[in-house]
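Listed below are the residues making up each chain.
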Amino acid sequence: MTTKTETIEGTVAEYVTAVIGGQLFGLPISRVQDVFMPERLTRVPLSSAEIAGVLNLRGRIVTVVDMRARLGLPKNDDGKPPMAVGVDLRGESYGLLIDQIGEVLRLPDNGREENPVNLDARFAKLAGGVHRLDGQLMVVLDVDRVLEIMPDLMAA
C-alpha cells in the first residue's frame, strides 16, 4: 500500500515519519491525507481510552485515535501540543494523534525487514515491518491494523 517508485537501485517506498513516545514510526505516504494540529476535540462518551475524540476538519467529522493509548504508552506530559496525521479507511476519516511529525523518507523496499523477534509486542501488533536507519529503528505502521479497533467500538 506504499507508493512505490522504480529507480536504478530498485523499488523505493515513501514514508511520512512520526515520533510517538520517543520511537520513530513510518506511515506509508499513500495512506496519509494530511497533517494537522487538532483543535476543539470533542470527547465521545463511553468510548475506549484509545479514542481521543472527534473533530470537524474542513467539513468532515474525523475520529481521532490517541496513538500513545493505542500503543500502550503513558500519556505525554511534556506540555507540547500533539500533532495528528490524517488517514482514510473505507471512506471514513481518522486522525492519528502523535507527538511530533518528521520528514518524508524514501527508502529501498528491499531494506524493509520483518518485525524482529525482540520488537516490543505493543509495537509489533501494529507494525508491518521495520527499516534500520542510522542509529535507530523505524517501525512501519500498518494503518489497517491501527484502525482495527474501530468495528469493535462502533458495535458498543
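Here goes a summary of the coordinates provided. Residue positions are counted from 1 within each chain, in the order its sequence is given. Local features in this predicted model are restricted to residues of pLDDT 70 or higher, and side-chain atom pairs are both shown and tallied only at a pLDDT of 80 or more, whereas totals for entire chains, interfaces and linings draw on every residue. With hydrogens and water stripped out, all remaining heavy atoms of the structure feed into the side-chain values.

### A closer look at the packing of aromatic side chains
Here is the rule: rings of Phe, Tyr and Trp (six-membered ring for Trp) pair when centre to centre is within 6.5 Å. Planes less than 30 degrees apart are stacked, more than 60 are edge-to-face, and the remainder are tilted. Per the counting criterion, the structure on display carries one aromatic pair. Taken together, a centroid distance of 5.3 Å and an interplanar angle of 80 degrees make the contact between F25 and F123 edge-to-face. Separated by 98 residues along the polypeptide, F25 in strand β3 (residues 23–28) and F123 in helix α2 (residues 121–124) bring together distant segments of the chain. Buried, partly exposed and exposed residues are distinguished by accessible area as a fraction of the type maximum, computed with a 1.4 Å probe on protein chains only: under 20%, between the cut-offs, and over 50%, respectively. Overall, the relative accessible area of 8% leaves F123 in the buried class. Going along the chain from the N terminus, every DSSP run of H or I of four or more residues is numbered as a helix, and every run of E of two or more is numbered as a strand.

### Focus on the sheet that holds strand β8 (residues 92–98)
Ordered in space as β4-β7-β8-β6-β5, the five strands form an open sheet in which the pairing is mixed. Looking at strand neighbours, the two that pair on one side only are β4 (32–36) and β5 (51–57), the edges of this open sheet. Looking at each pair of strands side by side, their axes are set apart by 30 degrees on average, direction ignored. Examined bridge by bridge, β5 and strand β6 (residues 60–66) share six bridges and lie antiparallel to one another. Residue pairing across strands places V54 opposite T63, the latter belonging to β6. Only strands that DSSP links by at least two bridges are regarded as paired with each other. For helices, the axis comes from a line fit to the C-alpha atoms of the stretch in contact; other axes are also lines fit to C-alpha atoms, and the angle between any two N-to-C directions lies between 0 and 180 degrees.

### Points about the nonpolar core
The tendency in soluble globular proteins is for nonpolar side chains to be buried as a group. For this analysis, a nonpolar core means a set of buried residues of the types Ala, Val, Leu, Ile, Met, Phe, Trp, Tyr and Cys, connected via side-chain atoms within 4.5 Å. Counting residues in hydrophobic clusters, the biggest one holds 28 residues, and the most contacted among them are L27, M67, L71, V87, L96 and L147. Those elements that provide at least two residues to this core are β2 (10–20), β3, β7 (83–89), β8, β11 (127–133), β12 (136–141) and α3 (143–146). Per-element tally for this core: the top contributor is β7, with four residues. Any pair of residues with heavy atoms lying within 4.5 Å of one another is described as a contacting pair. Dropping the residues within four chain positions of it, L96 is found in contact with L27, V65, M67, M83, A84, V85, V87, V146 and L147. Counting eight residues, the second largest nonpolar core, distinct from the first, contains F36, L57, V62 and A84.

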